[in-house]
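Letter by letter, the chains look like this.
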Amino acid sequence: MRRSPRALGLAAGLLALAACATGPRGYPTAKPTTPAKPGSSNTSPGTGPSQPVPNNTGPDPAVAVAAGGSHTCAVLRSGAVDCWGRGGSGELGDGNLRDSPRPVRVVGLGDVVQLALGDQHSCALVRGGQVQCWGSNAAGQLGDGAGRPGAQSARPAAVRGITDAAAIAAGPSHTCAVRKTGQVACWGDNRHAQIGDLSRQVWVSPALVPGVTGAGEVVAGARHSCARVQGGKVMCWGTGSHGQLGDRGSARAPGPVPGVDGVQALAAGQGHTCALKAAGGVLCWGAGFGKNPVEVGGVAGAVALTAGEAHTCARTGDGGARCWGDNANGQLGDGTAEDRKAATAVVGLTQAVSIAAGADHTCAAQRNGGVVCWGSNGAGALGNGVAGEETEGVAVSVRNLTGVSEIASGDDFTCALSGGSVLCWGAGNMGQLGDGSQADRGGADDVSGIDDAVQIAAGRNHACARRKSGAVACWGQNGRGQLGDGSKQARTRPVAVAGLNDAVEIGAGRDHTCAQRKSGQVVCWGRGAEGQVAVGKIEDADRPTIVNGSFGQVTQFALGEVHSCALQSNRIPLCWGQNRWGQLGNLAGVGTQTGQAVVPVMKLLPAEELAAGALHTCARTTNSEVWCWGNTDDGQLGAGLTIASVARVRVKDVRGAMAIAGGEAHACAAVAGGQIYCWGRGNAGQLGDRGTQIQRFPVAGPRIDGTIRLSAGSEHTCALRQNGRVLCWGSNQRGQLGGGAGSQSTTPTPVVDIP
């Protein structure tokens, strides 16, 4: 099942409204138990708080969640509301007209007991019965009497004349409320009779739905609305072209759905309606089901319902959820993009207390007060800090990853060492994730067959692990012999480096790899045309080759594209390979093609750490300053220079550095207190400054308390915290941030900052 076009046919007199009105999406809300009472079950997006949440953590945990077109909101335990995702019409309620991929607080709103979200508007039921709405008001969906084409409000406004609401619901561009009298009032778009009162096509203030009494719940689809009334019967009104009103012919006025009674809760989507039965089963009718209600397979023990545009989910009593319908964006949460006629379990969801479906995404509030989301991430609707394909500097938590002691980043992927296991995420087309596939992955997963790793390293499209025994295993691209297995065949699983079983340190460059052996000998393999593998030789090597030089104990390798460096225990760095941009730091003139000797970096204070970009090198010195040398076409030396430097230059204004990393054309440093500064190329947000420009001096990126290590790829950067967690920012085109692919996530992804 796929969504239908959003454009709707309009009467000639409504053409101006059409330019601003939303399309035929349905994000219903419902309140299956005692109306307007905190703790009632959540049944669909925009419904109120679920049953009381035990063991909540955090300063103000989420207790319920609601989803709209491309935005999501959560009710917090305090009664405040946080929203994230699309905000161009003010639907986030923070006073701004902009998207946010992470939660922002709705201003001037408290004591909220229920939410209802439409395509581009949001509403809240406040304890006592008042309703507040914000966002687009092009069709009068805010109910404040001011609706007109182009109207919008970025702050909550009171709905006229509603002071006794017991439950609320929102369709794409209309809103409804159950009053404490049992009557239903609706407002907004009425072109398809979804308000129920046919006397006008737009209602900017609430209008009573004729003939509906004794209502305990209301839901709103794209072109229809339904209410659960006494006896568990269901009354619907609006357009029934897909059968969403049941077998009622062409009737548009409110009327009962034939053959449906004993209903506990409702949910309505774009063109379908579903009902929760007392025994925990689910009936659906309309688009994809037909005009007569049919039982959905695979659903048992359901306690709440929610429907998106063309998918539906049921929350089960054990904290799980099962979903069915359209899955083009992973909104069913089963780890695939395959549509399902029968219900399928949401992967890894076991603690849900509230669930909500938006157009193409779904979210759940959990017992611990956190929120997870899955499906389309348009405008940042998943709340994981990722806005589309780029984070613009927002650090995203890597999923499925704890207990990390080391990180290493390639061009578009990153790996982490946890215990003896290696986990990787991001681009996988060259086999660089080591899981036997060539697929990209937006979350961390194990490299096959590695459970005894003690160190990791990553190049452009390959990675290596030093094992406890001293053996080294590598995987990924191998066109230059960088895996060291004696071949040039790419490997999707780790292979042993030929003849190397006593390594004590390893490092990886763009297309080459190096190691020091117990004897002190340094060996390298892979791309060697510039002398970076074997001094005095300009040829590739597909197995370890001795680097002729006098090395002490190597504590770290830092390898670039065409040069190599090693930091010794005496804190003196040695470098070899090409020196065209001065990246060896030995004061030889720019353009010098060294490649003939291992040389020390000149006039540098003792170094604690090295970092190499493609054509530049940086060092963190014992006085906690950062010095860089080499190419600076993109400002990667951090000193304001526009030409390459053969001598080390101090990165401006960075003091107290605790960790550094070099990307292809950028570099970063974490300082005491957790602030991270970056400089160089910022086209994909890799500097963390929420910009995409070249920065020739350091700019403040994210503040990440407890940062102990950094790693950088071509267009992304990652930080390892002392607690073993990893956060990344920059490009997410290949899922390299680890919080789920930027465009979508097929499994639940944690929402940042909640709780």
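This write-up is about the structure you can find in this document. Every value quoted in this text rests on a predicted model; they were computed, and no experiment measured them. Within each chain, residue numbers correspond to sequence positions counted from 1 in written order. The model is predicted, so local features are restricted to residues of pLDDT at least 70 and side-chain atom pairs to those at 80 or more, both for listing and for counting; the totals for chains, interfaces and linings are taken over all residues. Hydrogens and water are ignored here; the side-chain numbers use all heavy atoms of the structure.

### Description of the overall build of the protein chain
- Secondary structure assignment for the protein chain yields one helix and 56 strands.
- Residues counted as buried form 64% of the 755 residues belonging to the protein chain.
- Each accessible area value is a Shrake-Rupley result obtained with a 1.4 Å probe; residue values ignore everything except the protein chains displayed when judging cover. As displayed, the protein chain has an accessible area near 24000 Å², and 46% of this comes from carbon and sulfur atoms. A helix here means a DSSP run of H or I that spans at least four residues, while a strand means a run of E at least two residues long, and both kinds are numbered starting from the N terminus. Accessibility here uses a 1.4 Å probe with only protein chains present; expressed as a share of the type maximum, an area under 20% marks a residue as buried, one over 50% as exposed, and anything in between as partly exposed.

### So, the state of the cysteines
- Any cysteine sulfur atom paired with another within 2.5 Å is treated as part of a disulfide. All told, the structure shown has 14 disulfides when counted by the stated rule.
- The disulfide bridge from cysteine 565 ends at cysteine 575, spanning 2.1 Å between sulfur atoms. A torsion of 105° about the S-S bond marks the disulfide between cysteine 565 and cysteine 575 as right-handed. Of this pair, cysteine 565 sits in strand E42 (residues 563-568) while cysteine 575 sits in strand E43 (residues 573-577), placing them ten residues apart in sequence. Cysteine 575 carries the same exposure label as cysteine 565, and that label is buried.

### A look at the packing of aromatic side chains
- Centres within 6.5 Å are what make two rings of Phe, Tyr or Trp a pair, Trp counting through its six-membered ring; a difference in plane orientation under 30 degrees is then read as stacked, over 60 as edge-to-face, and the rest as tilted. Scanning the entire structure with this criterion turns up one aromatic pair.
- Ring centres 5.4 Å apart and planes at 75° place the aromatic pair phenylalanine 551 and tryptophan 576 in the edge-to-face group. Taken together, the positions of phenylalanine 551 in the loop between strand E40 (541-546) and strand E41 (554-559) and tryptophan 576 in strand E43 put the pair 25 residues apart, joining distant regions of the chain.
- Using a relative accessible area of 0% as the deciding quantity, one classes tryptophan 576 as buried.
- Our definition puts a charge over a ring when NZ of Lys or CZ of Arg is within 6 Å of the ring centre and also within 35 degrees of the ring normal. Its end group placed over the ring of tryptophan 203, arginine 200 keeps NZ or CZ at 3.9 Å from the ring centre.

### Considering the pairing of strand E1 (residues 62-67)
- For E1, the buried fraction is high: six of the six residues fall into the buried class.
- Across five bridges, the pairing between E1 and strand E2 (residues 71-76) is antiparallel. Its bridge partner being in E2, alanine 62 is matched across the sheet by leucine 76.
- Hairpin connection, E1 to E2: the antiparallel pair is bridged by three residues. A pair of strands is labelled paired if DSSP reports no fewer than 2 bridges between them.

### Notes on unusual backbone geometry
- Unusually for a residue other than glycine, alanine 379 sits at a positive phi of about 65°.
- With respect to the element layout, alanine 379 can be found in the loop between strand E27 (371-376) and strand E28 (396-397).
- Judged by relative accessible area, alanine 379 falls into the partly exposed class, the value being 21%.
- One non-glycine residue, lysine 603, lies in the positive phi region at around 55°.
- Along the polypeptide, lysine 603 turns up in the loop between strand E44 (599-600) and strand E45 (607-612).

### Some points on the pattern of salt bridges
- Salt bridge, as used here: a side-chain nitrogen of Lys or Arg that lies within 4 Å of a carboxyl oxygen of Asp or Glu. Counted according to the given criterion, the structure contains 30 salt bridges.
- Lysine 291 is the partner of aspartate 247 in a salt bridge, and the nearest nitrogen-oxygen pair spans 3.6 Å. Linking aspartate 247 in the loop between strand E15 (233-238) and strand E16 (255-256) with lysine 291 in strand E20 (residues 290-295), this pair joins segments that are 44 residues apart in sequence.
- Residue aspartate 247 is classed as partly exposed on the basis of its relative accessible area, which comes to 35%.
- Residue class for lysine 291 comes out partly exposed when judged on its relative accessible area of 44%.
- Where aspartate 705 meets arginine 703, a salt bridge forms, and the shortest distance between an N and an O atom there is 3.8 Å.
- Where salt bridges share partners, they join Arg510, Arg527, Glu530 and Glu561 into one cluster.

### So, the environment of threonine 273
- Among the secondary structure elements, threonine 273 is positioned in strand E18 (residues 272-277).
- Assessed through its relative accessible area of 0%, threonine 273 is described here as buried.
- C-alpha of threonine 273 to C-alpha of histidine 224: the two residues are 49 residues apart in sequence and 9.3 Å apart in space.
- Contact between two residues is taken to exist if any of their heavy atoms lie within 4.5 Å; hydrogens are not considered. Not counting residues up to four positions away in its chain, the partners in contact with threonine 273 are His224, Cys226, Gln244, Ala267, Ala268, Leu283, Cys284 and Trp285.
- A polar contact of 2.9 Å, which involves the side chain of threonine 273, links it to the backbone oxygen of glutamine 244. Pairs of N or O atoms are called polar contacts if they sit within 3.5 Å, as long as, within protein, a hydrogen donor faces a hydrogen acceptor (for residues adjacent in sequence, only side-chain-to-side-chain pairs).

### Brief notes about the nonpolar core
- In plain words, nonpolar cores are sets of buried Ala, Val, Leu, Ile, Met, Phe, Trp, Tyr and Cys residues tied together by side-chain atoms within 4.5 Å. Of all hydrophobic cores here, the largest spans 18 residues; its most connected members are Val184, Cys186, Val212, Ala215, Ala227 and Trp237.
- For this core, the elements supplying multiple residues, two or more each, are strand E9 (165-170), strand E10 (174-179), strand E11 (184-189), strand E12 (202-208), strand E13 (217-220), strand E14 (224-229) and E15.
- Residues contacting valine 212, with those up to four places away along its chain left out, are Gly182, Gln183, Val184, Ala227, Val229, Met235, Trp237 and Pro254.
- Core analysis: the second largest hydrophobic core is formed by 17 residues, Val75, Val106, Ala124 and Trp134 among them.

### Quick word on the sheet that holds E44
- Pairing is antiparallel across the open sheet formed by four strands, whose spatial order is E41-E42-E43-E44. Single-partner strands in this sheet number two, and they are E41 and E44.
- In this sheet, E44 lies alongside E43 in antiparallel orientation, the contact comprising two bridges. Note on E44: the bridge partner recorded for leucine 574 is proline 600.

### Overview of the pairing of strand E30 (residues 413-418)
- Across the six residues of E30, six count as buried, placing the element largely inside the fold.
- Neither face of E30 is left uncovered, since the one carrying Phe413, Cys415 and Leu417 and the one carrying Thr414, Ala416 and Ser418 both have all their residues buried.
- By the bridge criterion, five bridges tie strand E29 (residues 404-409) to E30 in an arrangement that is antiparallel. Bridging from a neighbouring strand, serine 409 pairs with threonine 414 of E30.
- Where E29 folds back on E30, the antiparallel hairpin that results is connected by three residues.
- Both E30 and strand E31 (residues 421-426) contribute to a ladder of six bridges, which runs antiparallel. Pairing of serine 418 across the sheet is with serine 421, part of E31.
- Joining the antiparallel neighbours E30 and E31 is a turn of two residues, in which glycine 419 adopts a positive phi near 65°.

### Here's the deal with the sheet that holds E45
- An order of E45-E46-E47-E48 is seen for the four strands of this open sheet, with the pairing classed as antiparallel. With partners counted over all chains shown, the strands left at the sheet margins are E45 and strand E48 (645-650), one partner each. In this sheet, neighbouring strand axes are inclined to one another by 20° on average, regardless of whether the strands run parallel or antiparallel.
- Note that strand E47 (residues 626-630) and E48 share three bridges and pair antiparallel. Orientation is described by lines fitted to C-alpha atoms, with helices fitted over the stretch in contact, and by angles between N-to-C directions that extend from 0 to 180 degrees.

### A word on the side chain of threonine 316
- Along the chain, the position of threonine 316 falls in strand E22 (residues 311-316).
- A distance of 2.5 Å separates a polar atom in the side chain of threonine 316 from a polar atom in the side chain of aspartate 318.
- Look past the residues within four positions of threonine 316 in its chain and what remains in contact with it is Ala300, Gly301, Ala302, Val303 and Ala321.

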